[in-house]
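# Examining the three-dimensional arrangement
Take a look at the letters that make up each chain.
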Amino acid sequence: DENKSRVNVNAHHSVAIALAFEKCYQDERILTVGIGDGGNELGFGKSACNLPKDKQIPRSTSPADFEIPAITSNFGALGLSMALCCLEDKMNLIPDLISSNHEYDLIKFCVDNGAVDGLTLKDGEITVDGYSDFERNRAYGKLEGCFMK
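Residues numbered from 1 in each chain as written. Predicted model: local features only at pLDDT ≥ 70, side-chain atom pairs only at ≥ 80, totals over all residues. Heavy atoms only, no water.

## Observations regarding the packing of helix H2 (residues 73-87) against helix H5 (residues 133-147)
We apply this condition: Lines are fitted to the C-alpha atoms to define the axes, a helix being fitted only along its stretch in contact, and any angle between axes, read from their N-to-C directions, falls within 0 to 180 degrees. Numbering of helices and strands runs from the N terminus; a helix is a DSSP stretch of H or I covering at least four residues, while a strand is a stretch of E covering at least two. We call two directions roughly parallel when the angle between them is under 35 degrees, roughly antiparallel when it is over 145, roughly perpendicular when it lies between 65 and 115, and oblique otherwise. In this scheme the handedness of a crossing depends on how the near helix is turned from the far one: anticlockwise by less than a right angle means left-handed, clockwise means right-handed. Contact between two residues is taken to exist if any of their heavy atoms lie within 4.5 Å; hydrogens are not considered. Each residue receives one of three labels: charged for Asp, Glu, Lys and Arg, nonpolar for Ala, Val, Leu, Ile, Met, Phe, Trp, Tyr, Cys and Pro, and polar for the others, Gly being one of them.
Taken N-terminus to C-terminus, the directions of H2 and H5 make an angle of 25 degrees; their axes are 11 Å apart at the nearest point. In terms of axis orientation, H2 runs roughly parallel to H5. Here H2 runs over H5; the crossing is right-handed. Taken together, the residues of H5 that come into contact with H2 (itself represented by Asn74, Phe75, Leu78, Gly79, Met82, Ala83 and Cys86) are Arg136, Ala139, Tyr140, Leu143, Glu144 and Phe147. Looking at the contact of H2 with H5, its residues break down into nine nonpolar, two polar and two charged.

## A word on the side chain of Ser73
What counts here: Partly exposed describes any residue whose relative accessible area lies between the buried limit of under 20% and the exposed limit of over 50%, with all areas from a 1.4 Å probe on protein chains only and scaled to the type maximum.
The residue Ser73 is located in helix H2 in this model. By relative accessible area, which is 17% here, Ser73 ends up buried. Beyond its immediate chain neighbours, meaning those up to four positions away, Ser73 contacts Ile35, Gly36, Asp37, Glu41 and Asp129.

## Some details on the packing of aromatic side chains
How two aromatic rings sit relative to each other is given by the distance of their centres and the angle of their planes. Going by this rule: Any two of the Phe, Tyr and Trp rings considered here, Trp counted by its six-membered ring, make a pair once their centres fall within 6.5 Å; the pair's planes then place it as stacked at under 30 degrees, edge-to-face at over 60, or tilted in between.
In the structure shown here, the tally under the stated rule is one aromatic pair. Aromatic side chains Phe75 and Tyr131 sit 5.8 Å apart centroid to centroid with 50 degrees between the ring planes, which places their arrangement in the tilted category. On the criterion of sequence distance, the pair formed by Phe75 in helix H2 and Tyr131 in the loop between helix H4 (100-112) and H5 is long-range, its members being 56 residues apart. Its relative accessible area of 26% is what places Tyr131 among the partly exposed residues.

## Quick notes on the pattern of salt bridges
To be explicit about the condition: Criterion for a salt bridge: a side-chain nitrogen of Lys or Arg within 4 Å of a carboxyl oxygen of Asp or Glu.
Counting across every chain of the model gives two salt bridges. Residue Lys108 is joined to Asp112 by a salt bridge in which the shortest nitrogen-to-oxygen separation is 3.0 Å. Residue Lys108 and its partner Asp112 are both found in helix H4; the two are separated by four residues, about one turn of the helix. Look at Lys108 and you get partly exposed, because its relative accessible area is 33%. Taking the shortest distance from any N to any O, the salt bridge between Asp133 and Arg136 comes out at 3.0 Å.

## Brief notes about the environment of Gly79
For Gly79, the location among the structural elements is in helix H2. Accessibility expressed as a relative area gives 17% for Gly79, which makes it buried. Sequence separation of Gly79 and Cys146 is 67 residues, and the distance between their C-alpha atoms is 9.6 Å. Here Gly79 is in contact with Leu143 and Phe147, once residues within four sequence places are set aside.

Right under this line is the structure:
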């Protein structure tokens, strides 16, 4: 079944999302980047087979032009966003990127609509790979220190 591999970390089918992203892979002019921490993320198909199999989660089969490993996908995406701000000389955007309240609201919205923490797999838990809002905010402060010197 072609749709069997289109599942999220809890093995729930994610066909609509997967099909939307497949369009990016079909157009060679679009540069693709996978950001992840456990190999189940879209775009981690090249290295997912080399990752430890300590968790029984689906592994990504979709490759990307570039893979960015990170402690959590969110931290990796934020780091990439900050680096792009630096390259474009738009450092004033960084404080808005790391607004913990904004991220908390987004995570809560996702959880309220069925998303789960990718590490604990618990329903209703407003964490990211086991990290609380306080821990994420502290990590973002350290990341900001790397770019705002």
